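Overview (structure and organization)
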Amino acid sequence: MLIAKMNQGKDGDETGTGEGVGAAETLWPAPRTEQPIDATVQLPGSKSLTGRELVLAALADGPGVLRAPLRSRDAALMIDALRALGAVIEELPRGELADPDLRITPADELTGSTTVECGLAGTVMRFVPPVAALALGPVAFDGDPYARKRPMRPVLDALRALGADIADEGRGALPFTVHGTGALRGGRVELDASLSSQFVSALLLAGARFEHGVHVVHTGERLPSLPHIEMTIACLRARGVQVDSPAVGEWRVEPGPIRAIDVTIEPDLSNAAPFLAAAMVAGGRVTVPNWPAATTQVGDLLRTLLPEYGAAIRLDPSGDLTVTASGDLSGVDLHVPEAGELAPTLVGLAALAAHGSDGADGRPSRITGIGHIRHHETDRIAALVTEINALGGDAIELEDGIAVRPARLHGGVWHSYADHRMATTGALIGLRISGVEVEDVASTSKTLPRFTELWEHTVGLGRAAAGAADGAPDNESALGRAARGFLTGL
Ligand SMILES: O=C(O)C1=C[C@@H](OP(=O)(O)O)[C@@H](O)[C@H](O)C1
Ligand SMILES: C=C(OP(=O)(O)O)C(=O)O
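Residues numbered from 1 in each chain as written. Chains lettered and ligands numbered in written order. Predicted model: local features only at pLDDT ≥ 70, side-chain atom pairs only at ≥ 80, totals over all residues.

Remarks on the site of ligand 2
Surrounding ligand 2, one finds Ala-121, Gly-122, Thr-123, Glu-341, His-376, Glu-377, Arg-421 and Thr-447. When residues are assigned to domains, the shell around ligand 2 turns out to be shared by domain 1 (27–44 + 267–488) and domain 2 (47–264), each giving three or more. (Near = placed C-beta within 6 Å. Domains from an automatic or database assignment.)

Structure, rendered in structure tokens:
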């Protein structure tokens, strides 16, 4: 039985960079299976919803509760940032097996003279500076080495145009200092969000607290990740904020209170991607429970994207989303500017479709509309192409995507580039290709600290279902149920 070297960081240290514990030489042998999978995987809360609701709760007109929030490095960094600015965030225990809920009490007045550590979290480095502009005193922002390469200029310039004083020595990137004065004028501002939708979300989230609200006009030709802007709008409306979109690429938030509410965070549907894809690679079925009937999460698009590779998907009225597949993958031609976050999994599946299977030749694929993922946790287009080709694949970089041509893959080291979704894509490829070792699997702690446990649970259930080596009688054994309860935080 394969045992992962966990290296997920020490207890209570979700904000750690993983340096030392998740060091570059740490290799995790990705479990491979030839048996069909039969697994149920309950996933923790959405990173994007947790980040937004934390920011809104810290700007709200009274205390509120976040139920079932994500507990991960990005979430911990957001909590620490808002605490540094004066919000009181307390854990509300939910018992031994479940992560705590959070009670957020906004500060009477946001306080500066502090520092914010962004790690590699786009949501922290983009969403918190507008909040810092509302605090009194300087707030110094910095992050991981690669975080300094992620674009910030459009949002920093927009904040300046709205009245903020920001010192970045012309870098347009981390590190920078926001010199908050306790208030921000706000008003109309033009901004090019073609590199990241987070620039827009950042201004909208805090905009109701600006004196004149905010009216954001996108000037670029492309606008990626539109569902994430729709998510921001939905979160604002749920708190009574008046927000509208007077034209395509324009959004207006009226000044006014942000209502304090209690809110339950949906499971992270983007993190469902590698688990659902596992059923497509190994064959069999994977079920993710509590799939929302209606959601703004981009992960919901998996219901239409995964069938392109040949999978069958069913969403039960109970909220169980099940992928059933044969293990034979079709090639795809996908244009997915809205779903850059899902691209690593989609490309991983394409690499396995190009590898072929017993009885099926490799099939080519193209995935386009995702140029902006060059600015995610790493240059994901370069990283995916490099790692697929290092395993014998034939992937090529396109200006705004990746093409994969038929080629047989072999084992080897899959590098993660400190990117959680690179790590999970390596695990996915290793499910079919023997001898894949994922470097720095600990990077998954960014959004899914229990990734290796959940992944081995998923694959392990497959072994048990097939009556394999460990002799487990079936996939509903007491041990399995206990493990599932522990692993899913039920
Ligand atoms: O607002 C958000 O929560 C996010 C927006 C998207 O960013 P980009 O617009 O930079 O792709 C997405 O990829 C990221 O994972 C989360
Ligand atoms: C792009 C991502 O993250 P971030 O919020 O850091 O931009 C991601 O999670 O895929």
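So, the packing of helix H1 (residues 47–58) against helix H6 (residues 226–238)
The geometry of H1 relative to H6 is characterised by a closest axis approach of 11 Å and an angle of 40 degrees between their N-to-C directions. Between H1 and H6, the angle is such that the two are oblique. Where H1 crosses over H6, the handedness of that crossing is right-handed. Counting all contacts with H1, which are made through Ser-48, Arg-52, Glu-53 and Leu-56, the residues of H6 involved are His-228, Met-231, Thr-232 and Cys-235. Split into classes, the residues belonging to the contact of H1 with H6 amount to three nonpolar, three polar and two charged. (Axes fitted to C-alpha atoms, helices over the stretch in contact; angles between N-to-C directions. Helix = DSSP H or I, 4+ residues; strand = E, 2+ residues; numbered from the N terminus. Parallel < 35°, antiparallel > 145°, perpendicular 65-115°, else oblique. Left-handed = near helix turned anticlockwise from the far one by under 90°. Contact = placed C-beta atoms within 7 Å. Nonpolar A, V, L, I, M, F, W, Y, C, P; charged D, E, K, R; others polar.)

Considerations on the nonpolar core
The biggest cluster of nonpolar side chains holds 152 residues, and the ones touching the most others in it are Val-131, Leu-276, Ala-278, Met-280, Val-286, Ala-350 and Ala-351. Ranked by the residues each element gives to this core, the list is headed by helix H7 (residues 272–282), at ten residues. Here this core spans two domains, since at least three of its residues come from each of domain 1 (27–44 + 267–488) and domain 2 (47–264). (Core = buried A, V, L, I, M, F, W, Y, C linked by C-beta atoms within 7 Å. Buried ≥ 20, exposed ≤ 12 C-beta atoms within 10 Å, placed from the backbone.)

Quick word on the pairing of strand E21 (residues 401–405)
As paired strands, strand E19 (residues 365–368) and E21 are joined by four bridges and run antiparallel to one another. Within the sheet, the bridge partner assigned to Thr-368 lies in E21 and is Gly-401. For strand E20 (residues 394–398) and E21, the ladder comprises five bridges, and the chain directions are antiparallel. Residue Asp-394 lies in a different strand from E21, and its bridge partner there is Arg-405. Where E20 folds back onto E21 in an antiparallel hairpin, the turn is made up of two residues. (Pairing = 2+ DSSP bridges.)

Here's the deal with the sheet that holds E19
The strand order across the open sheet formed by four strands is E18-E19-E21-E20, and the pairing between neighbours is mixed. Strands with a single pairing partner mark the edges of an open sheet, and in this sheet they are strand E18 (333–335) and E20. Each neighbouring strand pair of the sheet contributes to a mean axis angle of 10 degrees, computed without reference to strand direction. As paired strands, E18 and E19 are joined by three bridges and run parallel to one another. Bridging from a neighbouring strand, Asp-333 pairs with Arg-366 of E19. Strand contacts of helix H9 (residues 343–355): E18, E19, E20 and E21, with the helix running at about 165 degrees to E19, the strand carrying the most contacts. Each of E20 and E21 touches helix H10 (residues 380–390); the most contacted strand, E20, lies at about 165 degrees to it.

A closer look at the domain arrangement of the protein
It is common to report an interface's size as the accessible area lost on association of the parts. Domain annotation for the protein reports domain 1 (27–44 + 267–488) and domain 2 (47–264). The C-alpha-based centres of domain 1 and domain 2 are spaced at 30 Å. Taken together, the contact between domain 1 and domain 2 spans 20 residues of the former and 25 residues of the latter. Among the residues forming the side of domain 1 that touches domain 2, the class breakdown is seven nonpolar, nine polar and four charged.

Details of the confidence of the model for the protein
Put simply, the protein has an average pLDDT of 90, and 89% of its residues get 70 or more. Segment residues 1–24 is flagged for pLDDT under 50; beyond a separation of four residues in sequence, or across chains, it makes 45 contacts in the model. Between residues 461–490, whose pLDDT stays under 50, and residues either more than four places distant or in other chains, the model counts 53 contacts. The ipTM assigned to the predicted complex is 0.99, against a pTM of 0.91. (pLDDT = per-residue confidence, 0-100.)

A closer look at the sheet that holds strand E16 (residues 312–315)
Pairing is mixed in the open sheet, where four strands are placed in the order E2-E15-E17-E16. A single partner strand is all that each edge strand has here, and the edge strands are strand E2 (37–40) and E16. Across the sheet, the mean angle from the axis of one strand to that of its neighbour is 15 degrees, orientation sign disregarded. Across four bridges, the pairing between E2 and strand E15 (residues 284–288) is parallel. Following the sheet pairing, Thr-40 is matched in E15 by Thr-287. In the packing of H7 onto the sheet, the strands contacted are E2, E15 and strand E17 (321–325), and the crossing angle to E15 comes to about 165 degrees.

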